[in-house]
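Results of the structural survey
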Amino acid sequence: MTKGTIVKALSGFYYVKTDDGQTYQCRGRGLFRKQKISPLVGDRVEIDIMDDGDGYVTKIEKRKNELIRPPVSNIEQAIIVTSCLEPDFNALLLDRFLVLVESKGIEPLIVISKMDLASEQVKNEMAKYQSIYENMGYSVVLTSSKDEELFRQLIPYIEGKSSVIAGQSGVGKSSLLNALDPNLNIDTNHISESLGRGKHTTRHVELIPLFNGLVADTPGFSSLDFREIDSEKLPAYFPDMVAVQDDCKFRGCMHHKEPKCAVKAAVEKGQIPSFRYEHYLQFLEEIQIRKPRY
Ligand SMILES: Nc1nc2c(ncn2[C@@H]2O[C@H](COP(=O)(O)OP(=O)(O)OP(=O)(O)O)[C@@H](O)[C@H]2O)c(=O)[nH]1
Ligand SMILES: [Zn+2]
């Protein structure tokens, strides 16, 4: 019995990378139908290796989480890429990704790309955002796929983890992966999500080895709506609000119309940036007006 991770699924085969670095082509056995789960890329599995070198997946370990698009499990980190320019830095979109990532229990890493294009003014602005997000506990890396010293700063964050890369089209996701490993040869504009029903719905996801970690070759969180999020849970996905919420008068305060709300007080004092609170209210409204699903 050997343990490993499914890194690719294709035509009924599962490709399992074992903990000693070998990859085995495996089949599943009937047992998954009984368990009512089918193996997913990202699954931690046990395999039996046959004499001919192929294997059988004999057990799937309990998943830590599961994404639908791309279909992948046990993702530990989402690398949220947002460019400083081309397209312009977009805090609303960044906060939207952060909420989606938080709601899946995945650790976000914020990456601000294309810093080679930044003027002094843009650099100052990005440094301001960096300290805002770092103050709420996130890691923020300012980088560029055209500057080796800058893109190599991503390596320690990739090592030893399973990651998905997320972000709007054109922010430089594939360029960063290619810069980190030129052998990958991901054609730019290939990892494409076009904010919604993607060109990639039929494409198989693959976890590619990168600096002792694994990165999904298809961007995560391509659907940016909050369909799976309950409004009551939304405040928990804003760590800057969580940090002060114990001082709200009401337990379960939604920081909206309630009196004696510590979040609103923190916004007034400038302790929580007003743009964060505005995004919170916008997301809250978006969740509340959505039609009930049956
Ligand atoms: N100046 C500059 N341009 C970059 C950088 N990274 C990427 N670009 C350019 O930005 C464009 C988009 O880059 P991609 O890597 O394809 O972006 P992506 O996020 O993978 O885009 P999609 O595949 O559409 O999701 C390309 O023309 C790149 O050459 C960078 O660090 N600096
Ligand atoms: Zn409150």
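Going by what an unreviewed UniProt entry lists, the protein chain is known as Small ribosomal subunit biogenesis GTPase RsgA and is assigned to Salinibacillus xinjiangensis. According to UniProt, the comment filed for the protein chain under the heading Subunit (unreviewed entry) is "Monomer. Associates with 30S ribosomal subunit, binds 16S rRNA." Quoted straight from UniProt, the Subcellular location (unreviewed entry) entry for the protein chain says "Cytoplasm".

1. A closer look at the overall build of the protein chain
Helix and strand counts for the protein chain stand at 9 helices and 13 strands. For the protein chain, the C-alpha radius of gyration of 21 Å lies close to 19 Å, the compact-globule estimate for 294 residues. In the protein chain, which comprises 294 residues, the share counted as buried stands at 35%. Put simply, 63% of the contacts in the protein chain that link residues at least 6 apart link residues at least 24 apart.

2. Quick notes on the sheet that holds strand β2 (residues 13–18)
Read around the barrel, 5 strands follow the order β1-β2-β3-β5-β4 and close on themselves; strand pairing throughout is mixed. Between one strand axis and the next, the sheet turns through 55 degrees on average, direction left out of account. Across 6 bridges, the pairing between strand β1 (residues 2–10) and β2 is antiparallel. Counterpart to Lys8 in the pairing with β2 is Tyr15.

3. Topic: the sheet that holds strand β10 (residues 139–142)
The 6 strands lie next to each other as β10-β9-β8-β11-β13-β12, forming an open sheet whose pairing is mixed. Each of the sheet's edge strands pairs with one partner strand only, and the pair in question is β10 and β12 (207–210). Strand-to-strand twist in this sheet, taken as the mean axis angle between neighbours without regard to direction, amounts to 30 degrees. Summarising the sheet, strand β9 (residues 107–113) and β10 pair through 4 bridges and their orientation is parallel.

4. Considerations on the domain arrangement of the protein chain
Where interface size is quoted, it is often the accessible area lost as the parts come together. For the protein chain, the assigned domains are domain 1 (2–61), domain 2 (67–216) and domain 3 (231–288). Here domain 1 and domain 3 have C-alpha centroids that lie 44 Å from each other.

5. Here we look at the pairing of strand β8 (residues 77–83)
Counting buried positions along β8 yields 7 of 7 residues, so the element is predominantly enclosed. Here β8 shows a buried face lined by Gln77, Ile79, Val81 and Ser83 and a second buried face lined by Ala78, Ile80 and Thr82. Between the parallel pair β8 and β9, the chain is carried across by helix α2 (residues 91–103), and the sense of this crossover is right-handed. The pairing of β8 with strand β11 (residues 162–166) spans 4 bridges and is parallel. Bridging from a neighbouring strand, Ile79 pairs with Ile165 of β11.

6. Concerning unusual backbone geometry
Here the bond from Arg69 into Pro70 is cis, since omega is -5 degrees, no more than 30 degrees from zero. Here Pro70 is to be found in the loop between β6 (66–67) and β7 (72–73). One non-glycine residue, Phe211, adopts positive backbone phi at about 45 degrees. With respect to the helices and strands, the residue Phe211 is situated in the loop between β12 and β13 (213–216). Classification of Phe211 as partly exposed rests on a count of 17 C-beta atoms within 10 Å. Here the phi dihedral of Asn212 falls at roughly 60 degrees; this positive angle occurs in a residue that is not glycine.

7. Regarding the confidence of the model for the protein chain
Per-residue confidence for the protein chain gives a mean pLDDT of 90; residues scoring 70 or more make up 91%. Within the model, the stretch residues 190–202 combines pLDDT values under 50 with 18 contacts to residues more than four positions away or in other chains. Scoring the predicted complex yields pTM 0.91 and, for the interface, ipTM 0.98.

Procedures and definitions
Residue numbering note: each chain is counted from 1, following its sequence as written. Written order determines the labels here, with chains lettered from A and ligands numbered from 1. Confidence filtering applies because this is a predicted model: local features only for residues at pLDDT of at least 70, side-chain atom pairs given and counted only at 80 or more, and all residues used for totals across whole chains, interfaces and linings. UniProt positions are given in the numbering used here, feature names are shortened, and annotations may be inferred rather than shown by experiment. Numbering of helices and strands starts at the N terminus; helices are DSSP runs of H or I of at least 4 residues and strands are runs of E of at least 2. Radius of gyration: C-alpha atoms only; globule rule: 2.2 Å multiplied by the number of residues to the exponent 0.38. Around each residue's C-beta, the other C-beta atoms within 10 Å are counted; 20 or more make the residue buried, 12 or fewer make it exposed, and counts in between make it partly exposed. All C-beta atoms are placed from the backbone. Any two residues are considered in contact once their C-beta atoms, placed from the backbone, lie within 7 Å. A pair of strands counts as paired when DSSP detects no fewer than two bridges linking them. Helix axes use the C-alpha atoms of the stretch in contact, all axes being lines fitted to C-alpha atoms, and the angles between their N-to-C directions lie in the range 0 to 180 degrees. Marked domain ranges trace back to an automatic or database domain assignment. Here is how to tell: hold the view so the strands point away, follow the path from the first strand over the helix to the second, and if it runs clockwise the crossover is right-handed. Per-residue confidence from the prediction method is given by pLDDT, with values spanning 0 to 100.

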